[in-house]
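Okay, here's what each chain looks like letter by letter:
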Amino acid sequence: MVDFKEKNTLVVYSEEYWKFDFGRTHPMRPIRIKLFYMLLEELFGADSFFVYRSPSSISEDFLYTYHSKDYIEKLKSEIPDLESGLGTFDNPLVPGIFEWAFEAVKGTVTASNGVSEFRVNFNPGGGMHHAHPSKASGFCYLNDIVVAVNIIKRERPDLRILYLDMDAHHGDAVQSFFYRRDDVLFISIHQEDIFPLSGKIDEMGEDRGYGYTVNVPIPRYSEDEDVWYIFEKIVFPLLERYEPDIVFVQLGADAHRDDPLTNLYLTTGIYKRVSEELARLFKGSFVVTGGGGYDIVNVARIWTIFVSSLAGVKVPDRLPEKFLRISIMEGYDGPFIEDIPSWSGLKSQIKDTVKERVDFLIKKIPLLARG
Ligand SMILES: [Zn+2]
């Protein structure tokens, strides 16, 4: 067991993350990362439970553990190429795009290098789970998650990694890479029938990877209770039975009820509850990345709540003054950090579709079926 530092949380910090603009009509607003840092700083101050670390430089060669050389060349050239998903509305080719995407990879590698020192290692710039080996997709150009896992595995191939994808969208590219392996347990909870349309319940891995890919698509308007039910019945039992060495969390914040791109009905309550329970059940290190999230005030609130709860730190009730002023301009009139709880605690409210899918997985996934 690792003896963690007293300041038990590493937050990767880079101003490069928001020196970038996808244009006024694009939903991805990198400034959300600056807003998150501001909330963290204003709430907890400099002498706090976390330390900042800049992304450390890594060799470009690590990108080729996942991406094709040809694709990286195209990305660097900044010439539109539809076959590679480059220069589309979703994935515009703005000047410096390679460096920006590479910075996020460096950030997630820095976070995963922190596991021997810190309990929680968060890279808000990472979580690009739709980036394929030779194709940009869904605002993702380089897959920081797969590259970081590959680097960990190079030195310690025996380490078992549980990857939990909380983004409202399916983590398609990450799933594909580990689909035939049992040394990474991939779990994704996501809204059904939206981009990228994969992540059906019967996608459960292949060969020795069978049962190590677990998808729980959920219907629109799913609420905190639905998701908590999935955690109780599927995610927490998998965590206890798989006994991972490291837990990776892709913390997309776009499953929140106010997110403009999705139709789920989650509140900050579920993020807090899940985070507290993960911290209780797993005593090793967490690597947490950002992900989607298109209401920037909610992104900052959810990331702050999740990361501090994981670190065992109580979140103050009210938004600090400077952050609140910005929130009001963004349409959130606070003043509380957490949403008003919508939790009824009634099992009878859980959607039938969710119950059926959970039952299906309990029967089919060997780790769950064995008892
Ligand atoms: Zn998403």
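As a reminder, the structure under discussion sits directly above these lines.
Conventions adopted
Residues numbered from 1 in each chain as written. Predicted model: local features only at pLDDT ≥ 70, side-chain atom pairs only at ≥ 80, totals over all residues. Helix = DSSP H or I, 4+ residues; strand = E, 2+ residues; numbered from the N terminus. Buried ≥ 20, exposed ≤ 12 C-beta atoms within 10 Å, placed from the backbone. Contact = placed C-beta atoms within 7 Å. Pairing = 2+ DSSP bridges. Right-handed = clockwise from strand over helix to strand, strands pointing away. Axes fitted to C-alpha atoms, helices over the stretch in contact; angles between N-to-C directions. Arc of directions from axis to C-beta.

**Some thoughts on the overall build of the protein**
When you go through the protein residue by residue, the secondary structure sums to eleven helices and eight strands. Dimensions of the protein, computed from C-alpha atoms along their principal axes, come out at roughly 55 × 55 × 45 Å. A buried classification covers 49% of the 371 residues belonging to the protein. Long-range pairs, those at least 24 residues apart, make up 75% of the contacts in the protein between residues at least 6 apart in sequence.

**As for the pairing of strand β4 (residues 161-165)**
Counting buried positions over the five residues of β4 gives five, a clear majority of the element. Here β4 shows a buried face lined by Ile161, Tyr163 and Asp165 and a second buried face lined by Leu162 and Leu164. In the sheet, β4 pairs with strand β5 (residues 184-191) via five bridges, with the strands oriented parallel. Paired with Leu162 across the two strands is Leu185, which belongs to β5. Taken together, β4, helix α5 (residues 172-178) and β5 constitute a β-α-β crossover, and its handedness is right-handed. As paired strands, β4 and strand β7 (residues 246-250) are joined by five bridges and run parallel to one another. Within β7, the position partnered with Tyr163 by the bridge is Phe248.

**Concerning the sheet that holds strand β3 (residues 120-123)**
Spatial strand order, β2-β1-β3-β8-β7-β4-β5-β6: eight strands in an open sheet with parallel pairing. Strand pairing shows two members of the sheet lacking a second neighbour, β2 (50-53) and β6 (213-218), which therefore form its edges. When strand polarity is set aside, the average angle formed by the axes of neighbouring strands in this sheet is 15°. Summarising the sheet, β7 and strand β8 (residues 285-289) pair through five bridges and their orientation is parallel. Across the sheet, Gln250 pairs through a bridge with Thr289, a residue of β8.

**Quick notes on the packing of helix α1 (residues 31-44) against helix α9 (residues 321-329)**
Between α1 and α9, the shortest axis-to-axis distance is 9 Å and the interhelical angle comes to 145°. The residues of α9 that touch α1, namely those facing Leu35, Met38, Leu39 and Glu42, are Lys322, Phe323 and Ile326.

**Quick look at helix α2 (residues 69-77)**
Taken as a whole, α2 has its buried residues at Tyr71, Lys74 and Leu75. Down the axis of α2, the buried side of the element spans an arc of 100°, and every buried residue falls inside it. What points out from α2, more than 90 degrees from its buried face, is the exposed set Lys69, Asp70, Glu73 and Ser77. Where the residues of α2 are buried, they touch α3 (97-113).

**Side note on the environment of Leu261**
Tracing the backbone through its elements, the reader meets Leu261 in the loop between β7 and α7 (268-281). Along the primary structure Leu261 and Ser57 are separated by 204 residues, whereas in three dimensions their C-alpha atoms are 33 Å apart. Other than its neighbours up to four places away in sequence, Leu261 contacts Pro27, Asp254 and Tyr294.

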